[in-house]
Amino acid sequence: MVLILNSNEKDFDENFKRLVNVSREISFDVGDVVKDIINDVRKNGDEALIRLSAKFDNLDLEAKNFRFSKAEIKQAKDDTPKEVVKSLEFAFERITSHHEKQLPKTHIYQDEIGVTLGSRWNAVEAAGLYVPGGLASYPSSVLMNAVPAKVAGVKRLAMAVPTPNGQVNPAVLAAADIAGIDEIYKLGGAQAIAALAYGTKTIEPVNKIVGPGNAYVAEAKRQVFGMVGIDMIAGPSEILVIGDKSANPAWVAIDLLAQAEHGSSAQSIFISTDEELAKQVEKQVQKQLEFLSRSEIAKQGWEKFGTIITVNNLDEAFECSNALAPEHLELALDDAQQYLDKITNAGAIFLGHHTPEAIGDYVGGSNHVLPTAGSAKFASGLSVIDFMKRTSILGCDPASLAKLSEPTVILAKTEGLDAHAKSVSIRLNR
């Protein structure tokens, strides 16, 4: 049942707080299972991967065939419809162009007392990209994860994609080829994450793992974190649309359904300053559901987590939005850019009536790997910086060391660290 809220109702605060705290994750504990899989791969390497692939993916593999050959990748690209390849190439160019502008710059300077300070940026040496198989097989996600790594300067990018029964979406391999990835493994699940993190005789380990997956993949990423870096633990997709009288109810409705069709755990929320608009959007959702190829899935998502909130003004709307910290925030408003300063928590913002979230999913140029479940309060979407490390630079000459010595020695002795203090004073005595 769709949740209807009005900020003028006396129990609004209580109901809204419940909405903010709602859990949409599938609740079942896979921690022990994943731990066993990871330990199996760490101990038995390639043999474990062969055995687990047969068990979970009904795939008969040999270590020498873990990796897709160049011929297999080329064939997959040839098998992908030309218009799909062309669209992927168009998306690749736009995503690359945008992410190139995110590259941080090394900055080294000398302060007023002659101390050299700064930061130097380097890419991680190797990154692993996990790509889901089956129904949730998205070639666009290959580009979104691979492009920022390539732009950052990652020298080696290894991709793992499950191939149940030996089947893989050829467009996924086509996207990988366009992005310049040729190290692609026919592996999925927690075992693929373990192989990327710890390595086997056949697979070299990486330094960071990115990409979405099911509960087992998410838990595996959680468990290997520390051995390697990860991007985030992504939850079900979500959208929040803020609209006033200028909004087109049909446009708003289909944008809400575009998230709902991701599955029964997806969340679609509309916040309106106009009660009549809210009613029209609800009617349009029901009307447009009838014409979707994934209507049953979208209907489940809408009826389980769909929400319509009516507020008195846009200030209330932005207050609600910041509390929810949505993955995707659409501003169905005239001159939407003027409201940017009112938004503090959102994974991505889509400005105005002609910027549907779907543009960001594919060819807008911005990244669609975004924080979910309120984590936009402290996290950001995937970017070039996620594949880079910042190293601090510090340098003193005799004169600047002398100026820094006294407070350093005092603080070191205060903490009872005599060697720290002497490492400074010994240079001055000399």
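Since the structure is predicted, the reported quantities are computational estimates derived from the model, not experimental observations. All residue numbers refer to position in the chain's written sequence, counted from 1. With pLDDT at 70 or above as the cut-off, local features in this predicted model cover only qualifying residues; side-chain atom pairs require 80 or more to be listed or tallied, and sums for whole chains, interfaces and linings still use all residues. Each side-chain value is worked out from all heavy atoms of the structure, with water and hydrogens disregarded.

Asker: Could you give an account of the overall build of the protein, with specific residues and numbers?
Answerer: Along its length, the protein carries 16 helices and 14 strands. Over its C-alpha atoms, taken along the principal directions, the protein stretches across nearly 85 × 60 × 40 Å. Residue burial is assigned from relative accessible area. The probe radius is 1.4 Å, only protein chains are included, and a residue is buried under 20% of its type maximum, exposed over 50%, and partly exposed in between. Across the 430 residues of the protein, 49% fall into the buried class. At a minimum sequence separation of 6, the contacts of the protein that also span at least 24 residues come to 74%. The accessible surface values rely on the Shrake-Rupley method and a 1.4 Å probe; as for residues, cover is taken only from the protein chains in view. Split by element, the accessible area of the protein, about 22,000 Å² in all, is 51% carbon and sulfur. Segments assigned H or I by DSSP are reported as helices when at least four residues long, segments assigned E as strands when at least two residues long, and all are numbered from the N terminus. Contacts: residue pairs with any heavy atoms within 4.5 Å of one another.

Asker: Summarise helix α8 (residues 189–198); cite the residues concerned and give the values.
Answerer: The element α8 is largely enclosed, with a buried count of 9 among its 10 residues. Those residues of α8 that fall on the buried side of the exposure criterion are G189, A190, Q191, A192, I193, A194, A195, L196 and A197. At its buried positions, α8 is contacted by α2 (31–44), α3 (46–57), β4 (126–130), β5 (156–160), β7 (208–210) and α9 (215–224). One or two positions beyond α8, positive phi appears at G199, with a value near 80°.

Asker: Run through the packing of helix α10 (residues 249–260) against helix α12 (residues 295–305), naming residues and quoting values.
Answerer: Lines are fitted to the C-alpha atoms to define the axes, a helix being fitted only along its stretch in contact, and any angle between axes, read from their N-to-C directions, falls within 0 to 180 degrees. The geometry of α10 relative to α12 is characterised by a closest axis approach of 8 Å and an angle of 100° between their N-to-C directions. In terms of axis orientation, α10 runs roughly perpendicular to α12. Contacts between α10 and α12 involve L256, L257 and A260 on the former and, on the latter, I297, A298, G301 and W302. When residue character is reported, Ala, Val, Leu, Ile, Met, Phe, Trp, Tyr, Cys and Pro are called nonpolar, Asp, Glu, Lys and Arg charged, and the others, Gly included, polar. Across the contact of α10 with α12, the residue classes break down as 6 nonpolar, 1 polar and no charged. Orientation labels follow simple angle bins: below 35 degrees gives roughly parallel, above 145 gives roughly antiparallel, 65 to 115 gives roughly perpendicular, and whatever is left gives oblique.

Asker: Kindly report on helix α6 (residues 139–152), identifying the contributing residues and their values.
Answerer: Look at α6: 21 Å from first C-alpha to last across 14 residues, which is about the 20 Å you get at 1.5 Å a residue. One fitted axis covers the seven residues ending at a residue, a second covers the seven starting there, and the bend at that residue is the angle between these axes. At A146, α6 shows its maximal bend, which comes to roughly 25°, and the proline P148 appears one to four places after that position. Phi for G153, located one or two positions after α6, is positive at around 105°. What a helix is expected to span follows from its residue count: subtract one and scale by 1.5 Å.

Asker: Help me get a handle on the environment of L351, residues and values and all.
Answerer: Its place among the elements puts L351 in strand β13 (residues 348–351). For the pair formed by L351 and A336, sequence separation is 15 residues and the distance between their alpha carbons is 5.5 Å.

Remember, this is a structural readout, not a statement about activity or role.
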